[in-house]
Amino acid sequence: MAAQIISGKLLAAEVKKRVAGEVEQLKAQGINPCLAVMLVGSDPASQVYVRGKQNDCAECGIESRLVRLDENATQAEVLEQLGRLAADESVHGVLVQLPLPAQIDEQAVIAAIPPEKDVDGFTPVNVGRMTIGQQCFLPCTPAGCIEMLKYAGVAIEGKRAVVVGRSNIVGKPAALLLLRENATVTVCHSRTRDLAHICAEADILVAAIGKAKFITGDMIKPGAAVIDVGINRSEDGKLCGDVDFAAASEKAAFITPVPGGVGLMTRAMLLCNTVQAARMAAGR
Ligand code: GUN
């Protein structure tokens, strides 16, 4: 039987509707939620992502500000602009679009974002808080993955979850959030031996590798829930995930599509975090 598709489109629309209502309530109290996005250079994919974030904000009544810096910007210039956003009380959320040009120290820039405005959840303070289970901004993509599982009614507790990929922005935090939901979590990566065998034991499989159709049908446990974080171009130029969707949906019970899956939820969770930042700044 073909898998049930977990639609990022439907769930993101629900989340955005809720966010728009919350924004309206905050505005009635004189609070105007505002997200600042810093874009350094002209990476085409980053430009598309940033435009998407701005459109999402507009749709929900959130003000967005774009700070653009040249491809050749120095570390000092980036930090100076960040300092301004940090000090600006009308800005509630600050996001630096990654990747940054090679001359910029990414970790130093992330660490300069005030934790209370860190709507990506990337600063060491928020990563630490998440790790020990404290209140914090959760990173948007892994938080979106958990929301999709819950939306589909997939129980996480006690399940065997396998995360493929160990990046700071997806793989590692996804593993921590699954653990927090009481899954038994395995993290696989490029050096993992017997990857296919480990994946085939997963009740919940999160694919965050960045390689088109890397996860093949034989790597899916019958009845599994498959969350595909990848956004790649296949040989025919079409967008595809890290999972071979056609083959995987023959075996899985639940699967997220690409496009129309996790990517939309990442964007929706950013809006939730921005509203949370605005509320916190106002002491609500
Ligand atoms: N680049 C790719 N994904 C992300 C993300 O979630 N946040 C930021 N800031 N940059 C990214």
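Reading guide: rules and limits
- Residues numbered from 1 in each chain as written.
- Predicted model: local features only at pLDDT ≥ 70, side-chain atom pairs only at ≥ 80, totals over all residues.
- Heavy atoms only, no water.
- Helix = DSSP H or I, 4+ residues; strand = E, 2+ residues; numbered from the N terminus.
- Buried < 20%, exposed > 50% of the residue type's maximum accessible area, 1.4 Å probe, protein only.
- Contact = heavy atoms within 4.5 Å.
- Salt bridge = Lys/Arg side-chain N within 4 Å of Asp/Glu carboxyl O.
- Pairing = 2+ DSSP bridges.
- Axes fitted to C-alpha atoms, helices over the stretch in contact; angles between N-to-C directions.
- Right-handed = clockwise from strand over helix to strand, strands pointing away.
- Core = buried A, V, L, I, M, F, W, Y, C linked by side-chain atoms within 4.5 Å.

Description of the environment of V163
Point 1. Here V163 lies in strand β5 (residues 160-164).
Point 2. For V163, a relative accessible area of 0% translates into the label buried.
Point 3. Residues V163 and A174, 11 residues apart in the sequence, show an inter-C-alpha distance of 7.3 Å.
Point 4. If sequence neighbours within four positions are ignored, V163 has contacts with G171, A174, A175, L178, V185, T186, V187, C188 and V206.

So, the pattern of salt bridges
Point 1. Inspection of the entire model under this criterion finds 11 salt bridges.
Point 2. Note that R267 is salt-bridged to D56, the shortest N-O span being 2.7 Å. With R267 in helix α10 (residues 262-281) and D56 in helix α2 (residues 44-60), this residue pair connects regions lying 211 residues apart in the sequence.
Point 3. By sharing partners, the salt bridges in this structure join K16, D56, E59 and R267 into a single network.

Some thoughts on the sheet that holds strand β2 (residues 34-40)
Point 1. Read from one edge to the other, the open sheet built from 3 strands follows the order β3-β2-β4, with strand pairing classed as parallel. The two strands at the open ends of the sheet, each matched to only one other strand, are β3 (63-69) and β4 (93-96). Averaged over all pairs of adjacent strands, the angle between their axes in this sheet comes to 15 degrees, without regard to strand direction.
Point 2. Packed onto the sheet, helix α3 (residues 75-87) meets β2, β3 and β4 and runs at close to 175 degrees relative to β2.

Re the pairing of β3
On a regular strand, each side chain points to the face opposite its neighbour's, so the side chains alternate between the two faces of the sheet.
Point 1. Here β2 pairs with β3 via 7 bridges, running parallel. Across the sheet, C34 pairs through a bridge with E63, a residue of β3.
Point 2. Handedness of the crossover joining β2 and β3 through α2: right-handed.

So, the nonpolar core
Point 1. Formed by 54 residues in total, the largest nonpolar core has its most connected members in V19, I62, L149, L178, I204 and M265.
Point 2. Counting residues per element, this core draws most heavily on α10, which supplies 10 residues.
Point 3. When sequence neighbours within four positions are dropped, the list of residues in contact with M265 reads G8, L11, A12, V15, C140, G144, E147 and M148.
Point 4. Of all hydrophobic cores here, the second largest spans 20 residues; its members include M38, V40, V78 and L100.

Re unusual backbone geometry
Point 1. At the junction of L98 and P99, the peptide bond is cis and its omega measures out at 0 degrees in the coordinates.
Point 2. In this structure, P259 follows V258 across a cis peptide bond, with omega equal to 0 degrees.
Point 3. Along the chain, the position of P259 falls in the loop between β11 (254-255) and α10.
Point 4. Even without glycine at this site, D194 takes up a positive phi of about 65 degrees.
Point 5. Position of D194 among the secondary structure elements: in the loop between β6 (184-188) and α8 (195-199).
Point 6. In this model, K213 sits at a positive phi of 50 degrees, which is unusual for a non-glycine residue.

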